[in-house]
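# Understanding the architecture of this molecule
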Amino acid sequence: MATLLHRLGKAAYRRWPIVIAAWLVAFIAVGVVAGTMSKPMTDAFSIPGIPSEKAADLQAELFPDAVDAFDQAAVKVVVAAPEGHTLDEPEYAEQVQALIKDLQGLPQMPDTPLVDPVTAAEQQEKALVDAAQKSGGDVETARTNAAALSPLSEDGRVGTISYNFDVETVADVKPETIEKLGEVMDDASEGGLTVEANGSGSAGMLEVSAKSELIGIAVALLILVLTFGSLIAAGLPIVTALVGVGLGITGITASTAFFDIGSTTPMLATMIGLAVGIDYTLFILARYRTELEHTDDREEAVGVAVGTAGSAVVFAGLTVLIALSALALVKIPFLTTMGLAAGATVLIAVLVALTLLPAVLGLLKKRAFGGTVRKHRVHKDTDNLTRNNGVRWARLVGRRTITATVLVVVALGAVALPLSNLHLAFPTDSTASPETTQRKASDLIAESFGPGRDAPLIVVVDGRDLPDAEAQMAAYGGVVAWAAGQENVQNAQLIGTNEDGTGAQVLVTPETGPEDTETEELLTALRDGQEQIEEETGTTTGVTGLTAITTDVSERLSDALPIYLAVVIGLAFILLMIVFRSILIPLTATLGFLLTVLATLGATVAVFQEGAFGIMEGQPIVSFMPIFLIGLVFGLAMDYQVFLVTRMREAHVHGMSTREAVVDGFRNSARVVTAAAAIMIAVFAAFILIDEPIIRSIGFALAVAVFFDAFLVRMTLIPALMYLLGEKAWWLPAWLDRILPNVDVEGENLDRPHLRTYADGLDESADDTVRV
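Structural notes, computed from the coordinates. (Residues numbered from 1 in each chain as written. Predicted model: local features only at pLDDT ≥ 70, side-chain atom pairs only at ≥ 80, totals over all residues. Heavy atoms only, no water.)

## Some points on the side chain of Thr-544
We count it as follows: To qualify as a helix, a DSSP run of H or I must reach at least 4 residues; to qualify as a strand, a run of E must reach at least 2; elements of each kind are numbered from the N terminus. Think of it in three bands: residues with accessible area under 20% of the maximum for their type are buried, residues over 50% are exposed, and the middle band is partly exposed, with areas taken using a 1.4 Å probe on protein chains only. Polar contact is defined as a pair of N or O atoms within 3.5 Å, subject to the rule that within protein one atom must be able to donate a hydrogen and the other to accept it, and that residues adjacent in sequence are counted only when both atoms are side-chain atoms. In this analysis, two residues are considered to be in contact whenever any of their non-hydrogen atoms come within 4.5 Å of each other.
Note on placement: Thr-544 falls in strand 8 (residues 540-544). Taking relative accessible area as the criterion, Thr-544 reaches 3% and is therefore assigned buried. Of note is the side chain of Thr-544, whose polar atom sits 3.1 Å from the backbone oxygen of Ser-52. Residues within four places of Thr-544 in sequence aside, it is in contact with Ser-52, Ala-55, Ala-56, Gln-59, Leu-457, Ile-458, Val-460 and Ile-549.

## Comments concerning the packing of helix 5 (residues 117-135) against helix 6 (residues 139-149)
Think of two packed helices as two axes; the pair is described by the angle between the axes and how far apart they sit. Basically, it comes down to this: Each axis is a line fitted through C-alpha atoms, and for a helix only the stretch in contact is used; angles between axes span 0 to 180 degrees, taken between their N-to-C directions. Under this scheme an angle from 65 to 115 degrees is roughly perpendicular, one under 35 degrees roughly parallel, and one over 145 degrees roughly antiparallel; angles in between are oblique. Helix crossings fall into two classes, left-handed where the near helix is turned counterclockwise from the far one by less than a right angle and right-handed where it is turned clockwise. Each residue gets one label: Ala, Val, Leu, Ile, Met, Phe, Trp, Tyr, Cys and Pro are nonpolar, Asp, Glu, Lys and Arg are charged, and the others, such as Gly, are polar.
Their axes nearest at 9 Å, the elements helix 5 and helix 6 cross at an angle of 155°. Classified by the angle between their axes, helix 5 and helix 6 sit roughly antiparallel to one another. Where helix 5 crosses over helix 6, the handedness of that crossing is right-handed. Along the contact surface, helix 5 presents Gln-124, Glu-125, Leu-128, Val-129, Ala-132 and Gln-133, while helix 6 presents Val-139, Ala-142, Arg-143, Asn-145, Ala-146 and Leu-149. Tallied by class, residues from the contact of helix 5 with helix 6 come to seven nonpolar, three polar and two charged.

## Section: the sheet that holds strand 1 (residues 74-80)
For the record, the criterion: For two strands to count as paired, DSSP must find a minimum of two bridges between them.
Here we have three strands laid out as an open sheet, ordered 2-1-3, and antiparallel in their pairing. A strand with exactly one partner marks an edge of an open sheet, and here the two such strands are strand 2 (158-164) and strand 3 (194-198). The mean inter-strand angle of the sheet, taken between neighbouring strand axes irrespective of direction, is 20°. Of the strand pairs in this sheet, strand 1 and strand 2 are connected by seven bridges, and their pairing is antiparallel. By the bridge assignment for strand 2, Val-78 is matched with Thr-160. Its contacts with the sheet place helix 7 (residues 175-188) against strand 1, strand 2 and strand 3, and it is angled at close to 155° to strand 3.

Below, the structure written as structure tokens:
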């Protein structure tokens, strides 16, 4: 492989106009498709096999007009009179009427007129009581049910105005609609009312500033300037990464012409595309500068850089592709789409690093390291090899190998302890930032109506097998009584039957909110009792609704984590065996990754779930964060592993002992790996500045994970283990050696005179003696 990539790098350098033109044509072609054939992205959330999805299918069969919970662009406007006042006072009643008039004038509003909370509450109670009187039912139960659904709080101070935007999916709500909704709410708040809104249709009101991303990029530029001492060289990794991400995102947009793509798909593609795009270009560019220390032939230097560092880029990219493609194992369509789209972006990043970067270097020639702000000085040891901080650190670890190993393992193990309390849940308005209108609305609802008002469960009842209407109504009543008898149920009531009476829906309102474990336990209890109530009533039942769906998705993600980890690690282990021609090195690499993931999740639970250090109020960890974390961190971790250890193996196959190969690996790669890790930490940590809990938690987790993995695992634990293993680190059974393909990642077949000269005269320093 090194030989093939060596030729590719030289060709791209020499034929730079053709290569750059080819990339430009590709960008234009994809852009044309995206601009002329693309379709709107969707927020469809169909997950085959989960119980709530089966119940939703039953609901759609019995109630053809029912809308999928994830497609409803629901808005709940919450209005509150000042303390000590009520909404039926003339002053505030008039303001509420003005608010309703303004709301009905919004774009994309339904034709159904809105009703103020006071009137709606009175009408609802009257309707239920009249129905109970006509049917001979319990009037007090009817009043209780009316109170459970009432849009007006018991004290009359807080009310809700609910509606769904007239759109097919949430993604169809236009930004200007959300903007005008905010303006209407602001106007209504001027007279003393408190006006907030939540619901899926108000999601566009969340504001995410781009300042944090700019801060991250600015820090990345500073680190690159310090690394290369050149303004032009510092800009190359960011520019090429942006080209790769730009093409990837444009390709995702173009793909909507042929596939259903979720609106959240570009998020992961952008994040991982920027991360690996900067890393891959940085590694090859740094190798190019190193090669220029040994030759004046820039074309040959590019060829060697692409042949060696480029080979590592290919295999590092393959590990990331494995991690992202394996998201399909979770069997959640939107995750599969996100993983494959992000994987395509990573593939583009690899191709950009292997072809576009050499072409740009061919364009720039000696100006590639222009705009010098700091001269690149090389300090030599007595054996005429570079002496830098990487060498010093490698030798320090070599003198304290056992101490370093124990400290890293114990430290990461201690940080991982809070992981035992991990609670996964989907984000809701009640877990949004306290500064958002969604959170304020949810807090008002929880205080005035109870937290369960935002966590309803729908029990769908199929009575088609029952003989007549009387038996059907009796069965529905039995289901209501059964549901009401469960623990943690505030209210259960029949909210409607279909036209022929063969189906019914029972609304179950918990006493706890959607993110509470007690609500999850109630869902479990309802499902555990389904078989018995079905036998007693002769019906078929299912539990669905937004709360049930998100809970099932969280459970699916939790169940898939071990399988996902096993597949990713297993495939990557095989890939690393091919790269390093060893069993023990891939083993230490994967064990180190597990330590990183466990410690990162433990730190995230401590800070974001348990509220340590007061950074965040305690709340569940978003369900998809661990699996995203594993995919992203695995890719970055294997990047650092491949780039460090391939330099060690390269030195080893050219004649160095394992101990000196470790030092040589750090001599040539520690600086660039440190820079790459620091850049990623800066970019991810910048997301902590965004006032949105989900983004903050993901940014924190990724920043911490990169720190743990790059500096504690890859640059401390791995070299310590390499020293302890010695020549055994490269052990591979003869039979396995014959089976595995030899891909020559290290450039063993390339002529490297300076390495051969060093190996011939090698005299290991006593300074590297292993000590405890």
